[in-house]
Amino acid sequence: MSKPEVVKSNSQIVQKEMIRRNYDKITSGRVKVSSTFVPGNLNELLMCFDIANNLPEINAIQNAMSKKSGEMITEAERSGHSEDVCTYVKADIGMMAKGNIAPNGKPFPSPDMLLLSYTGCFTFLKWFELLREQYKCPTVMLHVPYAADGHPTKNMRDYIVKQLREEVIPAMEKISGIKFDIDRLREYLRKSAKAEDDLVWMLEQSKRKPSPIDCYFGGVYYMGPIFTAFRGTDEAIDYYKLLRGEIEERIKLGLCAQTPEGEMPEEKYRLVVEGPPNWTSFRDFWQMFYEAGAVVVASSYTKVGGVYDYDNFRHDPDQPLESLAEYCLGVYTNRNLPTRVDMLARNVVEYEADGLLINSIKSCNSFSAGQLVIMREVEKLTGKPGAFIETDLVDPRYFSAANVKNRLESYFQMIDQKRRAGGSAALAA
Amino acid sequence: MSTKNVKEIVEFCQAIFEDINFTKAREWKEAVPGRKVIGYMPVYVPREIIHAAGMLPLGILGGGADMEVIHGDAYYQSYICRIPRSTIELAITGRLDFVDGMMFPSICDVIRNLSGIWQLLFKDKYVRYFDTPQNFDDNVGGIFYGNELRELKEGLSKLGGREIRDADIRRSIAIYNENRLMVNKVYDYRSNAPWKAPSAEVYLLMRAGMVLPPEEHTRLMQEYLAAAETENRSRRDNCRVVLTGAFCEQPPLPLIKSLEMAGCYIVDDDFMLVNRWILGEVSTSGDPIANLASAFLHHSAQTAAKYEVDMKEKGSYLLDIIRKRRADGVIFAAPSFCDPALLDQPMMVSRLEALKIPYITMQYAENSGQMQPIREQAGTFADSIKLWGAP
């Protein structure tokens, strides 16, 4: 039996339209295109040079959600890429081998530059070295040091700013033929900050009971514009205004989170989730939560592009390059494990969650390495039980619905048991 | 100079290799009150600064093939390589209790996040994630790296309770220059006469350098070279291979032996690259921090953990080694789930294919036990080179 039609809010429709427009722009052949990564991306800077922003992770996600990524990954493995490595990379390489068709059905142009923003993920470095082999286009490295002691240092900031000044901006000027105008950047950053204010307001609404939004499955839609090609634009400001209006309405009506299956009738469980979602079975995965009455009130994945709600970061037009550096440094996976633990534990407490669920991704060591320790530390700090499930980003071979469902059911039972006991329950799911 | 024979030297090294309680390092620490030991993981840290602080740099390369990992598996999912779980096992079981600090180089996300686990689990220890620049301009990456080195110096100075003077670092640079020179002599010797210096012996000799003070390690290598020269060992009709990809998690010793038994003389490798990371002498005059930074930026090995700015240069380090060592082929031996090695491999392979250089690929874990498939694969590779001039 086919699934009932997906229920979508107006903001979701607008968001989808924005992403489609960006693909039309990228594939139009009328603009210069840079491939770059989501975490800490430099969208405002690219806009200063009229360069369109193509994000390979988003392409892989789109291909996974339309069930194409499996074949692409197999194709990459056939050409010598190991089964053990990141499936985003393999989906990207497989997509190229299969004609490099964008989600709008038009062929991707070869990028004019690869902006290797090396932020929070080692694989990025290898990914663009691999793409460079194919495209043979200018590749610009922006090395973002790891905030290993929990906070960026002056040396790290200065290093990034210097790379921006001496390497990244001159390369963009050369590729685009447009001279850098710092006031143009300031204006974009001003707009970024405005949208970011509404974004943070949105994230914090899930402190309410019931939460009017889901901050993991729903969150990926809400974060779309800010983490992709729209930060710094009026469109993003308008989008977050629209979203805010929708959420205010939901609050007024006392509605629970919206899901593709419709309004969640009752909020039974409130969870914080760590790790990216699985994209190949995204709707099935979400449905498991819907059926159990589980809403995700906070997630680390809504911080993957940049963190706004932990230490109050906003892009700052008065410190344009420094602010970009700060944004890159603050990316969730660029923060050390004690900071990630603190962030998640605070989320569990402040959002009055029943516990922390970790979706551990096979091919993402940046997120996954250390998650078992993270879970135990958060349990210790909050007294709330944690649970652990394993899936993958875009490789359908690593999503076992029955296994995930079983684990989730056990976890919800554990939460019930803990509630009944009014004290501690066994902690491991 | 002593007159130890090869057997004695190799037994001495083997004992150090097998000792996962690091007795030699413990003895070094206990010999003088106040001494400190700093552990470091692959692939590169500037040991000169640790040494200049009067501390012992101790290479931690996982628990090896024989250590039973009981606790470590509770820290890592099955799809993460073995070195972090066996390293955690070493720590949880008290085998690293004497280690005062740990350094985690910027090699991959797993080792990076291991630094965070250390911060969470061993709060009383000095923990340093050591970031090296991916920008190789003196005025950009060089300044960043110089400051990172200064920060490391200050951190160790605080830990050790004494100032680290420039003169101390210069002296340590000289000691490591000498050590590196000797390491390279051993590698050259093996390449020239691989039957006289079997790779398993060279490997154990280098592993000893992860535990012993550099001065002692240098003497040991001198002794080995002298002793190896007196040995009467027969030359086998093996092919000559470069082994690459094993720069972090180490293969089990039987794997190295199996390759040679199967007909492949290893004439170069990237095991324990820290020994040979810097390609030339580091200057001992002037600002020692600037000298170390400059050596890293301009005279260091190319590996998967380092960005290659110029695509045309990608793989040139491997190709140069193949030429220099007159290798017949390459064995890509990467640990399972090793992002740097496995993501880099297709690019390296394409360079070899363009030049019709034979290669094979294999994966291992530090506790891999089945050597028969390895022997068969390597044997077939050796035969294909020797008999039919592969490919």
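As a reminder, the structure under discussion sits directly above these lines.
For clarity, every value in this text was computed on a predicted model and none was experimentally measured.

**Comments concerning the overall build of chain B**
Right, so step 1: Within chain B, the secondary structure is distributed over 14 helices and eight strands.
Right, so step 2: A compact globule built from 391 residues should have a C-alpha radius of gyration of about 21 Å, and chain B, at 20 Å, falls within 12% of that.
Right, so step 3: Each of the three principal axes of chain B carries a C-alpha extent, and together these read 65 × 45 × 45 Å.
Right, so step 4: Among the 391 residues that make up chain B, the fraction classed as buried is 65%.
Right, so step 5: A sequence separation of at least 24 residues applies to 75% of the contacts in chain B between residues at least 6 apart.
Right, so step 6: Here chain B displays about 14,300 Å² of accessible surface, and carbon together with sulfur accounts for 50% of that area.

**Focus: the sheet that holds strand β3 (residues 101-105) of chain B**
Residues and elements named next belong to chain B.
Right, so step 1: The four strands are arranged β2-β1-β3-β4 in an open sheet whose pairing can be described as parallel. Lying at the two open borders of the sheet, with one neighbouring strand each, are β2 (56-59) and β4 (126-130). On average, each strand axis in the sheet is inclined to that of its neighbour by 25°, with strand direction left out of account.
Right, so step 2: Two strands pair when backbone bridges link them, and strand β1 (residues 37-40) and β3 are joined in this way by three bridges, in the parallel orientation. For Ile38, the partnering residue across the bridge sits in β3 and is Gly101.

**What about helix α3 (residues 56-65) of chain A?**
All names here are of chain A.
Right, so step 1: Among the 10 residues that make up α3, eight are buried, leaving the element largely enclosed by the rest of the structure.
Right, so step 2: Where α3 is buried, its residues contact α1 (10-26), β1 (32-36), β2 (51-54), α4 (69-78), α5 (87-97) and α6 (123-135).
Right, so step 3: Immediately beyond the C-terminal end of α3, within one or two residues, lies Lys67, with a positive phi of roughly 60°.

**Side note on the side chain of Lys126 of chain A**
Right, so step 1: For Lys126 of chain A, the location among the structural elements is in helix α6.
Right, so step 2: Relative accessible area serves as the criterion here: at 0%, Lys126 of chain A is assigned to the buried category.
Right, so step 3: Only 2.8 Å separates the side chain of Lys126 of chain A from the backbone oxygen of Ala304 of chain B, close enough to count as a polar contact.
Right, so step 4: A polar contact of 2.8 Å, which involves the side chain of Lys126 of chain A, links it to the side chain of Asp344 of chain B.
Right, so step 5: With residues up to four places along the chain from it excluded, the contact list for Lys126 of chain A reads Ala304, Lys306, Lys314, Pro340, Leu343, Asp344 and Met347 of chain B.

**A short note on the packing of helix α8 (residues 199-208) of chain B against helix α9 (residues 214-230) of chain B**
Any two packed helices are characterised by the angle at which their axes cross and by the distance between the axes.
Residues and elements named next belong to chain B.
Right, so step 1: As a packed pair, α8 and α9 sit with axes 9 Å apart at the nearest point and diverge in direction by 160°. Considering their axes alone, α8 and α9 lie roughly antiparallel with respect to each other. Read as a crossing pair, α8 and α9 show a hand that is right-handed. From α8, Glu201, Leu205, Met206 and Ala208 reach across to α9, where they touch His217, Leu220, Met221 and Tyr224.
Right, so step 2: Grouping the amino acids of the contact of α8 with α9 by side-chain chemistry returns six nonpolar, one polar and one charged.

**Looking at the sheet that holds strand β8 (residues 359-364) of chain B**
Residues and elements named next belong to chain B.
Right, so step 1: One open sheet accounts for four strands, arranged β6-β5-β7-β8; its pairing is parallel. In this open sheet, the two edge strands, each paired with only one partner strand, are β6 (264-269) and β8. Across this sheet, the average inter-strand angle for adjacent strands is 30°, counted without regard to direction.
Right, so step 2: In terms of strand pairing, strand β7 (residues 329-335) meets β8 through six bridges, oriented parallel.

**Quick look at the environment of Glu77 of chain A**
All names here are of chain A.
Right, so step 1: Relative to the helices and strands, Glu77 resides in helix α4.
Right, so step 2: Placed 14 residues apart in sequence, Glu77 and Ala91 show a C-alpha to C-alpha distance of 9.7 Å.
Right, so step 3: Ignoring anything within four residues of it in the chain, the contact list for Glu77 reads Ser82, Glu83, Lys90 and Arg397.

**Observations concerning the pattern of salt bridges**
Pairing of side chains with opposite charge becomes possible as their charged atoms draw close.
Right, so step 1: The full count for this structure, using the stated rule, is 59 salt bridges over all chains.
Right, so step 2: Of the charged contacts, one joins Arg190 of chain A and Glu187 of chain A as a salt bridge, the two residues approaching to 2.9 Å between their closest N and O atoms. Here the residue Arg190 of chain A and the residue Glu187 of chain A both occupy positions in helix α8 (residues 182-204), the gap between them amounting to three residues, near one helical turn.
Right, so step 3: Looking at Arg190 of chain A, the relative accessible area reads 41%, which means it is partly exposed.
Right, so step 4: The salt bridge partner of Arg180 of chain B is Glu48 of chain B, with a shortest N-O separation of 3.1 Å. Within this pair, whereas Arg180 of chain B is found in helix α7 (residues 166-192), its partner Glu48 of chain B is found in helix α3 (residues 47-52), the two being separated by 132 residues in sequence.

Each value, and the rule that gives it
Residues numbered from 1 in each chain as written. Chains lettered and ligands numbered in written order. Predicted model: local features only at pLDDT ≥ 70, side-chain atom pairs only at ≥ 80, totals over all residues. Heavy atoms only, no water. Helix = DSSP H or I, 4+ residues; strand = E, 2+ residues; numbered from the N terminus. Rg over C-alpha atoms; globule rule 2.2 N^0.38 Å. Buried < 20%, exposed > 50% of the residue type's maximum accessible area, 1.4 Å probe, protein only. Contact = heavy atoms within 4.5 Å. Areas by Shrake-Rupley, 256 points an atom, 1.4 Å probe, with all protein chains shown as cover. Pairing = 2+ DSSP bridges. Axes fitted to C-alpha atoms, helices over the stretch in contact; angles between N-to-C directions. Polar contact = N/O pair within 3.5 Å; in protein donor to acceptor, adjacent residues only side chain to side chain. Parallel < 35°, antiparallel > 145°, perpendicular 65-115°, else oblique. Left-handed = near helix turned anticlockwise from the far one by under 90°. Nonpolar A, V, L, I, M, F, W, Y, C, P; charged D, E, K, R; others polar. Salt bridge = Lys/Arg side-chain N within 4 Å of Asp/Glu carboxyl O.

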